[in-house]
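Structure assessment
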Amino acid sequence: MILHAIELTGVGRFRETVRVGPFACGLNILAAPNEAGKTTTLRAAARALFDKHTTKGEELKSLQPAGTDLAPRIAVEFETGAGRYRIEKTFLQSPRSLFKVWQSGAWQPVAEADAADQRVQDLLHTSLPGRGATRPEHWGFLGFLWARQGEPAAWPGLDDAAVGQRIRARLARVELDPVIERLRGRLGEAAEALFTSTGQVRVGGALRQAEDDLAGIETALAALRQTRTDLETVAQRHRQAEADVAQREREHAERELAAVTLRDQASAAERLRGELTARQQALGAAQEKLGAVAADEATLTKRQAAVTATQAALAAAEVAAQAAEQRLAQLRTRLDELQAARPEYESRLHALRAELQRSQALLKLRQFAVMADALARQVGKAEAAAAEIAVLEAKRNQLPALTPPKLRKLEELAESERTLRARLQALGLTVELTPEREARVAVRDGGLPEPRWQALPAGEITRLHSPQALDLTIEGWGSIAIRSGALEARNAASELDEAGRMLREALQETGLASVDAAREALAARREIEALLKAAQSALGPYLGEHATIEALRAAAAGAARRSDSLVTTVQPTGEEQALGLTEIEAAEARLTEAVPAAEKALKDFDRQLDLLRTDERGAVKAGQEAAQAVGEQRAGLRTLETQIADLVARYPEGLAAAKTAAQLVFVQAEARVAATKADLPPDFEKLPERSKRAAAALQQLVDELRALRTQRDQAKGTLETLGGQGLYSRETELEERKAEAVLRRDAARTRGWCARLAHDLIEHRKQAATRAALAPLEQRLTAALSEITGDTTRQVFLDEALQIAGLGRTREELYAFESLSQGTKEQLLLCLRIAVAQELAADEPQLLILDDVLVNTDPVRQERILDVLTGLSSRLQILILTCHPDRYRGVGQAIALQPVAP
Amino acid sequence: MYRLIHSADWQMGARFAQFGARGGRLREARLVTLRRALALARDHAADAFLIAGDLFEDNQVDDSLVAAVVDCFRAHPELRVFLLPGNHDPYTGPDCVWQRRAFLAAPANVHVFREAGVVELGDGAFLLASPLHQKLSTTDPSLKLAELAAGLPADALKIGLTHGALAIEAKHQPNDFPIALDAASRAGLDYLAIGHWHNWLADMDGGRIVMPGTPEPDRFANDASGNVALVELDAHGRPPRVRALPVSTLAWRSLAFDFLSAEASRAGLAATMAELAPAAERTVLRVTLAGTASPAALVEVRSWVEAALAPFLVGQLVDRTRVALGPIELADLRSRHPILAQVLADIDRLEILAPGQLSAQAAPASADATLPENVPAPSSLTLAEVQALLAPSKIDLTRLDPEFFGQLRRLLLQTLQEVAS
């Protein structure tokens, strides 16, 4: 393909339409400053040529003028070996595509939209990505022949079937056998139909279909087999249930028989037991009858013996009654005797008591008289003491009522006055008078009401003192008033006045003139009081227990009255009065002992009397008891006789005959009981319980049997259901389908693997052949590089994928492509692109685009490159984009970006 | 005289997975054969029709099949049919085929021995049966017949019926219901009808034990099958007269084509198939291709055989051939398609490298073939190269067998032929 022109509208910096071209065959130089839109123009042309018009994405949006939503519109005119074409595309907004062919001197639209895109794609052998915008590897040959700005060292892989392989074939000069190529393609298609390129089974392919069928069949088979397994399990359960039911049925029959037998035995035993009870009752009755007869016999015997005993007891009782009566009589006689003797004891006691009372009265009388005399004497003494006390009290009352505390207070006041006075004198005035002649001076001191005259001896010093003021009247001379101005002296004088006043008041209160008088008065008072106290102490013993003398007098008077009164009451005889107190007291003592003795004697007598009375009562009681015993014995005897008569009357045939008959009945009943007991089975008492247990066990077994039968019947139902489903037949059908599916799967897999392996083997051999053809290409690239660089020592080496492996003297010592300088990489790839372009140009014209790729090339090498490119210009269209017009001045045809008039 | 038809091993509902969906045809043929056997019994005025086990292939066959079988018996009400559960269809309880509605409501002439027992056949003849209740057992089922026979009059004509393998040394499994070789005389039986093996076997125990085999062949190797036994018994103590009556519907034939003698094989195969052609709808035919041939010859013969097999009820082609080029073909291939010649040599090499294939015969070496001048002579593939070659496609070298390599060569050459034309 070669380019003729490019038109852009709303692309990059071109809001309006610009046109680039026409491009010439050979070398074209598009020189413009940076950001003039050179690269943008070519990229836009690539989008128009290779992308679908409906493509969106950043690659397309980056074409829009900055800040606008303008739809990029691009038209590219190009030519291939088939003709000249124009593709017009609008992207993003209202996308459209229009493909035109140059016919008859004009552009003829031949396809639009997707069809237009497809036509260009077919013409240029390009491809499309799965999504998004195309990349250089999709651009067909131009992907290899376009050295893009900023990535001049990028080189697409050669794996693409249409383009890459063609380039490889061209470069390696391997002419593939078209038949083998078709064979390879056919095999590849066959393999692709079954497997993916990574060896996975292709979805929708025959192999996947067979595998899916097989999986479905396997699933169905598994389910079917599971059902069969379930059936086997249920069958096993059913067999087990059958066996269990049979076993339980046998057990049931056995247990039922045992239960019936046991029940019969229990019934029979119960019947016998009833019979035994009845017979035991009969035996009991016979035994009772026999016992009654025997008891009656024994009773009769006892009663007869009791009659005898009672008769003897009656006799004894009658004797005892008589004895009791005799003793009672004796006792009553004795009692009468004693009762007659008692008044004597009583009168003696009374006499003694009267005598004692008289003695005591006399004694009391004598005591009262003595007491009255003593009290009378005591009153006399007390009255004398009281008179002395009264005298002393009168003396004391004449003394001032001064007490020691009062005296101490007076003394303190006097002392205080003295102290103040001394102090005042110490503070006060001292006047020394020394008259030439004797004189007298009246001294009027502040504290004295009257002046004090004092003689003044001539020529001697007379000192006068005064606390504060001193008024002197010297005879013959006149008065002199002396005043002290000191405050302290005035205060001391004032305090002295106050002390003097208080002392005077205190003395006045006591009625004494001075403190010394007070002292004397107090001493006298103390003396009188001591005497008074002694008198009062002497009065105390006379008063005795009496508080006052008046009380003493009253007591003495009372004692005299009682004595007189007692005399009146007792009226002692002369003899009695003559008796001394001692005698009276001795008599009283004697009588005091005699009275209790007499009382004791009376008591003893009464005790004897009581004993006798008790004996009398005992005798009475004994007599009564004896009489009662006699009555009782007589009554018992009558009762016994009646009972004996009744017993005898109970057995008309005679008691012995009745006893014999009862014994016979008893023996017979006993024999019947023994016979019944012998008929009863051992442990017959346990038979009902055993029968119950057997019945319960049987019921339990019946329940188990019912449950087991249910299980069995359920299993049977399940088996009948499952058995009727024809599981084997269904499995057979599935197995046969499976066999077919397996065959299909194996056949498909074998077919796929065969195709894939055959294809890969052909490919393997192709690559081997390609590798064998690498040497000539490497030599050609080495020569081209030598021409550019001038270096003939290095050789270019390619790898099996026709990628540049590196530079070096040998393959083993090469410098890897990645490690080379950017300039060398660019130059190497330029050589490779030139080689590719040359090869491809043999079929149709080719375009080689070099977008600012020689910026890293020094001027010398650039000159050599231009030599090479110029040499190729007859066979290739070469478009060089540069921002260094000076470097290409004079080379090829200059191209400019030209606005198109609307 | 008492006359009966003795059959066994009908295997109704049998599986023929090797024929895929065509197995149904073979199953249908068995019902046809049963009808034929019953008709034969009628024709021979048989007093009874015995099936000595394995009437069905399995207890879980489809109800419709069971009903169809019972209908066959119902169609002959005058014929007493005695059925014995065998090891394939043992009487196991409610799930077994004998408890299906069709059998529970079977016509009066059908008697199923669900338990061991005796049936009086009339005229002093008794049928003693010992059915199987499980699939495997080491117990001789004929022992029960001896117990049953002990309770019968000594002079009665006694016919035994059971199922199991004859206890022939090294020919039976211990748990395959081994039947003593003198089971009939031991039990005092005049005839013991048994079943289990699928080929005719008589003349045991003085001719009193007979195994008639399956009435309908079920494999290519059963060459003594396809019969029922017509048995005539005169009286107790007299030896039975036994005759095989062919009843099979289908014929199973296996033919071969060997490319070693391709012409003769073709002629022989063509003649035989022509001979079989009239009965093609009743023939199961297998043709095995063997030998080495060119791709063209293989394709041609295969196409011819496939066409010839088409009319047969079941036609099976087994291809065990090996593709190979003749010297001239090989030289031509090398000259015209050198890469393909290299690929064929690679396939030979792969076949050698495949595990277990080291001794496999290698194709004529192509490594030294004449290649174009610009293509250097290829070296043989190394194992590493092979592994690298197979890895992307995830082909497991260990799973590749000679048949695969044969197919690979055929595919390659056949595709070449297609693209070249």
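It should be emphasised that the depicted structure is a prediction, and the values quoted were computed from it without experimental measurement.

1. Here's the deal with the overall build of chain B
Summing up its helical and strand segments, chain B has 11 helices and 15 strands in all. Each of the 421 residues in chain B was classed as buried or not, and the buried ones make up 56%. Long-range contacts, defined here as pairs at least 24 residues apart, represent 71% of the contacts in chain B between residues at least 6 apart. Accessible surface for chain B amounts to roughly 17,200 Å². Of this, 53% is attributable to carbon and sulfur atoms.

2. A look at the interface of chain A and chain B
Between chain A and chain B, the contact holds 50 residues from the first and 53 residues from the second. Carbon and sulfur atoms make up 65% of the area that chain A and chain B hide from each other, which totals about 4,500 Å². When residues of chain A are sorted by the area they lose upon contact with chain B, Tyr-728, Trp-753 and Arg-765 of chain A head the list and together hold 18% of the total. At the boundary of chain A with chain B, the tally comes to 5 salt bridges. The partner of Arg-186 of chain A in a salt bridge is Glu-418 of chain B, and the shortest N-O contact between them spans 3.1 Å. Elements represented by at least two residues in the side of chain A that touches chain B include exactly helix H6 (178-194), helix H7 (206-398), helix H15 (687-723) and helix H16 (727-772) of chain A. When residues of the side of chain A that touches chain B are assigned to their parent elements, the largest contribution, 25 residues, is made by H16 of chain A.

3. Digging into the packing of aromatic side chains
Tallied over the entire structure, the rule returns 18 aromatic pairs over all chains. Ring centres 5.3 Å apart and planes at 35° place the aromatic pair Trp-139 of chain A and Trp-146 of chain A in the tilted group. By the burial criterion, Trp-139 of chain A is buried, and Trp-146 of chain A matches it. Arranged with centres 4.9 Å apart and planes meeting at 65°, the rings of Phe-257 of chain B and Phe-259 of chain B form a pair that is edge-to-face. The pair formed by Phe-257 of chain B and Phe-259 of chain B is uniform in burial state, with each residue classed as buried. Ring pairs connect the aromatic residues Phe-16, Phe-19, Phe-220 and Trp-252 of chain B, which therefore count as one cluster. Between Arg-84 of chain A and the ring centre of Trp-102 of chain A, over which it is positioned, the NZ or CZ distance is 5.5 Å. The ring of Trp-304 of chain B carries Arg-266 of chain B above its face, with NZ or CZ at 5.2 Å from the centroid.

4. Topic: the confidence of the model for chain B
When pLDDT drops low, the exact placement of atoms in the prediction is not to be read closely. All names here are of chain B. Considering every residue of chain B, the mean pLDDT works out to 90; 95% of them sit at 70 or more. Confidence scores differ between elements of chain B, with helix H8 (residues 327-336) showing the lowest mean pLDDT of 80 and strand S3 (residues 80-83) the highest of 98. Here residues 357-377 is modelled with pLDDT under 50, and outside its nearest four sequence neighbours on either side it reaches 35 contacts, counting other chains as well.

5. Considering the pattern of salt bridges
Residue and element names in this part refer to chain A. One pass over the full model with this rule turns up 72 salt bridges over all chains. We note a salt bridge from Glu-181 to Arg-184, for which the minimum N-O separation is 2.5 Å. Of the two residues, Glu-181 and Arg-184 are both situated in helix H6; the distance of 3 residues between them amounts to about one turn of the helix. A salt bridge links Arg-712 to Asp-713, with the nearest nitrogen and oxygen atoms 3.3 Å apart. Using a relative accessible area of 18% as the deciding quantity, one classes Arg-712 as buried. Asp-713 gets classed as partly exposed once you look at its relative accessible area, which sits at 42%.

6. Details of the sheet that holds S3 of chain B
All names here are of chain B. Spatially, S4-S3-S2-S1-S11-S12 is the arrangement adopted by the 6 strands of the open sheet, whose pairing is mixed. A single partner strand is all that each edge strand has here, and the edge strands are strand S4 (110-112) and strand S12 (241-246). Taken pair by pair, the neighbouring strands of this sheet meet at an average axis angle of 20°, ignoring direction. Two strands pair when backbone bridges link them, and strand S11 (residues 227-233) and S12 are joined in this way by 6 bridges, in the antiparallel orientation. Opposite Val-231, over in S12, you have Val-242 as the bridge partner. Against the sheet, helix H1 (residues 23-43) contacts strand S1 (2-7), strand S2 (48-51), S11 and S12, and its axis sits at roughly 145° relative to S2.

7. Considering the side chain of Asn-28 of chain A
Residues and elements named next belong to chain A. With respect to the element layout, Asn-28 can be found in strand S3 (residues 26-31). Side-chain polar atoms of Asn-28 contact the backbone oxygen of Gly-26, separated by 3.2 Å. The residues touching Asn-28, leaving out its near neighbours within four places in the chain, are Phe-23, Gln-877, Ile-878, Leu-879, Ile-880, Gln-893 and Ile-895.

8. Remarks on helix H10 (residues 515-543) of chain A
Residue and element names in this part refer to chain A. For H10, built from 29 residues, the straight-helix expectation of 42 Å at 1.5 Å per residue is met to within 8% by its first-to-last C-alpha distance of 42 Å. As for H10, its buried residues are in contact with H7, helix H8 (404-427), helix H9 (487-510) and helix H11 (549-570). You can read the cap of H10 off the contacts: a side-chain oxygen lies 3.4 Å from the backbone nitrogen of Asp-516, and it is on Ser-514. Directly beyond the C-terminal end of H10, a positive phi value near 65° is found at Gly-544.

9. Considerations on the environment of Ala-696 of chain A
Residue and element names in this part refer to chain A. Tracing the backbone through its elements, the reader meets Ala-696 in helix H15. For Ala-696, a relative accessible area of 45% puts it in the partly exposed group. Considered as a pair, Ala-696 and Ala-259 are 437 residues apart in the sequence and their alpha carbons are 9.5 Å apart.

10. What to know about the sheet that holds strand S10 (residues 209-211) of chain B
All names here are of chain B. Reading across the sheet, the 6 strands line up as S5-S6-S7-S8-S10-S9 and stay open at both edges, with mixed pairing between neighbours. Edge positions in the sheet fall to strand S5 (117-122) and strand S9 (201-204), since each of these pairs with one other strand and no more. The sheet shows a mean angle of 20° between the axes of neighbouring strands, taken without regard to direction. Alignment of strand S8 (residues 191-193) against S10, held across 2 bridges, turns out to be parallel. Bridging from a neighbouring strand, Leu-192 pairs with Ile-209 of S10. Packing of helix H4 (residues 142-150) onto the sheet brings it into contact with S5, strand S6 (125-130), strand S7 (157-162) and S8, and relative to S6 it is tilted by some 145°.

11. So, the nonpolar core
One recurring pattern in soluble globular proteins: nonpolar side chains tend to sit buried together. Among the nonpolar cores identified, the biggest contains 82 residues, and Phe-78 and Phe-99 of chain A are the most heavily contacted of them. The element that contributes the greatest number of residues to this core is helix H18 (residues 822-841) of chain A, accounting for 10 residues. In terms of nonpolar packing, the next biggest core, distinct from the first, is built from 60 residues, Phe-259, Leu-276, Ala-293 and Leu-333 of chain B among them.

12. What to know about the confidence of the model for chain A
This prediction gives chain A a mean pLDDT of 85; 95% of its residues lie at or above 70. Ranking the elements of chain A by mean pLDDT puts helix H5 (residues 164-172) of chain A last with 64 and strand S6 (residues 96-103) of chain A first with 92.

13. Some words on the side chain of His-138 of chain A
Residue and element names in this part refer to chain A. Note on placement: His-138 falls in the loop between helix H3 (113-124) and helix H4 (141-145). Classification of His-138 by relative accessible area gives buried; the value is 9%. Ignoring anything within four residues of it in the chain, the contact list for His-138 reads Thr-126, Ser-127, Leu-128 and Pro-129.

14. Details of the pairing of strand S14 (residues 478-483) of chain A
All names here are of chain A. Of the pairings in the sheet, the one linking strand S13 (residues 469-474) to S14 comprises 6 bridges and is antiparallel in character. Counted as the bridge partner of Leu-470 is Ile-482 from S14. Connecting S13 to the antiparallel partner S14 that follows it, the hairpin turn spans 3 residues, and Gly-476 within it adopts a positive phi of roughly 85°.

15. A few points about the packing of H1 of chain B against helix H2 (residues 63-74) of chain B
Residues and elements named next belong to chain B. The geometry of H1 relative to H2 is characterised by a closest axis approach of 9 Å and an angle of 15° between their N-to-C directions. One element, H1, and the other, H2, form an angle in the roughly parallel class. As for how H1 packs across H2, the hand of that crossing is right-handed. Contacts from Leu-31, Leu-34, Arg-35 and Leu-38 in H1 reach Leu-65, Ala-68, Val-69, Cys-72 and Phe-73 in H2.

Rules used throughout
- Residues numbered from 1 in each chain as written.
- Chains lettered and ligands numbered in written order.
- Predicted model: local features only at pLDDT ≥ 70, side-chain atom pairs only at ≥ 80, totals over all residues.
- Heavy atoms only, no water.
- Helix = DSSP H or I, 4+ residues; strand = E, 2+ residues; numbered from the N terminus.
- Buried < 20%, exposed > 50% of the residue type's maximum accessible area, 1.4 Å probe, protein only.
- Contact = heavy atoms within 4.5 Å.
- Areas by Shrake-Rupley, 256 points an atom, 1.4 Å probe, with all protein chains shown as cover.
- Buried area = accessible area lost by both parts, 1.4 Å probe.
- Salt bridge = Lys/Arg side-chain N within 4 Å of Asp/Glu carboxyl O.
- Phe/Tyr/Trp six-rings, centres within 6.5 Å; stacked < 30°, edge-to-face > 60°.
- Lys NZ or Arg CZ within 6 Å of the ring centre and 35° of its normal.
- pLDDT = per-residue confidence, 0-100.
- Pairing = 2+ DSSP bridges.
- Axes fitted to C-alpha atoms, helices over the stretch in contact; angles between N-to-C directions.
- Polar contact = N/O pair within 3.5 Å; in protein donor to acceptor, adjacent residues only side chain to side chain.
- Expected span 1.5 Å × (residues − 1).
- Core = buried A, V, L, I, M, F, W, Y, C linked by side-chain atoms within 4.5 Å.
- Parallel < 35°, antiparallel > 145°, perpendicular 65-115°, else oblique.
- Left-handed = near helix turned anticlockwise from the far one by under 90°.

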